[in-house]
Structure formats: structure tokens, C-alpha cells
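# Topology and contacts: notes
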Amino acid sequence: QKEVEQDPGPLSVPEGAIVSLNCTYSNSAFQYFMWYRQYSRKGPELLMYTYSSGNKEDGRFTAQVDKSSKYISLFIRDSQPSDSATYLCAMSFSGGGADGLTFGKGTHLIIQP
Amino acid sequence: GAVVSQHPSRVICKSGTSVKIECRSLDFQATTMFWYRQFPKKSLMLMATSNEGSKATYEQGVEKDKFLINHASLTLSTLTVTSAHPEDSSFYICSAPGTGGIDYLYNEQFFGPGTRLTVL
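Note that the structure is predicted; figures quoted are calculated from it, not measured.

Check the secondary structure of chain B and you find 0 helices and 11 strands. Walking chain B from its N terminus toward its C terminus, one meets helices and strands in the order β-β-β-β-β-β-β-β-β-β-β. A compact globule built from 120 residues should have a C-alpha radius of gyration of about 14 Å, and chain B, at 14 Å, falls within 12% of that. Along the first, second and third principal axes, the C-alpha set of chain B runs to 45 × 30 × 25 Å.

On the side of chain B, 23 residues touch chain A, which itself brings 21 residues to the contact. When the two sides are added together, the surface that chain A and chain B hide from each other amounts to roughly 1,800 Å², 52% of it contributed by carbon and sulfur. Across the contact surface, chain A and chain B share 0 salt bridges. Class assignment for the residues of the side of chain A that touches chain B results in 10 nonpolar, 7 polar and 4 charged.

Residue and element names in this part refer to chain B. Here we have 4 strands laid out as an open sheet, ordered β1-β3-β8-β7, and antiparallel in their pairing. For this open sheet the edge positions go to β1 (4-7) and β7 (67-73), each flanked by a neighbour on one side alone. Put simply, the sheet's adjacent strands are angled 20° from each other on average, direction ignored. Where β1 and strand β3 (residues 19-25) come together, 4 bridges link them in antiparallel fashion.

All names here are of chain A. Taken together, the 5 strands give an open sheet; going across it, the order is β1-β3-β8-β7-β6, and neighbouring strands pair in antiparallel fashion. Each edge of the open sheet carries a strand with a single partner, namely β1 (4-6) and β6 (54-58). Sheet twist, expressed as the mean angle between neighbouring strand axes with direction ignored, is 15°. Bridge count for β6 against strand β7 (residues 61-66) is 5 bridges, and the pairing is antiparallel. Across the sheet, the residue bridging to Asn55 is Gln64, located in β7.

Calculation rules
- Residues numbered from 1 in each chain as written.
- Chains lettered and ligands numbered in written order.
- Predicted model: local features only at pLDDT ≥ 70, side-chain atom pairs only at ≥ 80, totals over all residues.
- Heavy atoms only, no water.
- Helix = DSSP H or I, 4+ residues; strand = E, 2+ residues; numbered from the N terminus.
- Rg over C-alpha atoms; globule rule 2.2 N^0.38 Å.
- Contact = heavy atoms within 4.5 Å.
- Buried area = accessible area lost by both parts, 1.4 Å probe.
- Salt bridge = Lys/Arg side-chain N within 4 Å of Asp/Glu carboxyl O.
- Nonpolar A, V, L, I, M, F, W, Y, C, P; charged D, E, K, R; others polar.
- Pairing = 2+ DSSP bridges.
- Axes fitted to C-alpha atoms, helices over the stretch in contact; angles between N-to-C directions.

Given below as C-alpha cells:
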């Protein structure tokens, strides 16, 4: 079983739709959970991070973590064509930057105008 | 936010040659940097942790003699792919944790733009 599972898509939705992206993981020691956005042949950019379980909202984006189920989600409201990109979930044991990140495969999201 | 650069952005080399990739933190210091590899339609996989002034720590399955890492200063880490083979062709990305964020528990990892290596 891979450490982090993420459906690679592609996921295609019409503009304005609510998008739900998900990851599951197996290692219960992960404490920090991140969502990154990556454009083709570029480095990932951090969208949001969450510590432990709970919800976090930032504008149109909401991140949810359920540690009991080992399941994390990213919701995008009022999706825009500019949101089209690959979304990567990532997680780490600590938040201080001492350890590298474990990534999901990434979901390719397409927002149709 | 903090900026991490990589050079070169793209390199093509012949099988058997060595290639050096640089990772620089432009406006902050990084005692630790990370190197990842990304194959098409695959996850970013952590290869190694680069530590300034000491030896790098490699992930299981990564050949330390093939992927030489040198963290020469607080702003520069280099990855040298020695005796490159076509199977080493990949997208290599580095990252460095920032400091002094608004959340004292979390230091954001800043990623470079990546280096596309093609070995012929």
C-alpha cells in the first residue's frame, strides 16, 4: 500500500462548480497536511496547510483533515478556469521544516469556461 | 514569499556523463534543503535531505554514490547526477523551509522551479 493515495484524474468540471479533491494516507504519524498547486513543469506552490484534524478556510478554498479516517480534502468553491492545474496533497511529521514532504500523485483539474 | 531558484532549468546530456544542478535560496538562509524527483504522472518523491556543513541524508533506495549532494553554504545546495543513464531522466526539484512565519509551529517549504534532465 502506498503511503499517500490520490486520484490522478483528470477531473473536469464546469466553471462555478464546487470541486472536491481528496487524499488518503496510511501513516498515522503525519501531523501536517498541505495542498500544493503545480502548473506544468513548474515547482509546487503552497495553497494551504492544516495541523492535525479540523477545517481551515482561505477565500474560496477549504481544507479538511480527518485523522481518524486518514483522509484529507480540499474544496474549491466558485471554481475558475484559472484554477486549472495539478493539485498535490502533501504531509509531514513535523512543521518545522526538518523533514521532507510525502506527496500524493496529484490530481489534474480542468475548469471548463 | 521566499524565493528558491534552480539552475539549469533544462539539461540534455549523453549517457555516462555527469550533470550538476544548483538550488539557491535567494532571500533567506537554509541550513536544510530537500531534493525531489518527479517522473511523469508520478508523485514528487523525496530523494535526500541536504544539510549545510554535513553529509546529506538519503531516502531508502536512492544511491548516494550516484546522486552526490553538496550543501556548500547557507544558500546553495548542489545535486550531481554521476554517470547519468536514460532512466535518470526526470524532473528534479529542490525545496527549502522558510523561517519566521506567522505560525511558529510551521515553516513553509518553498520549491524551486525544477530542472528537467534528459539523458540520451
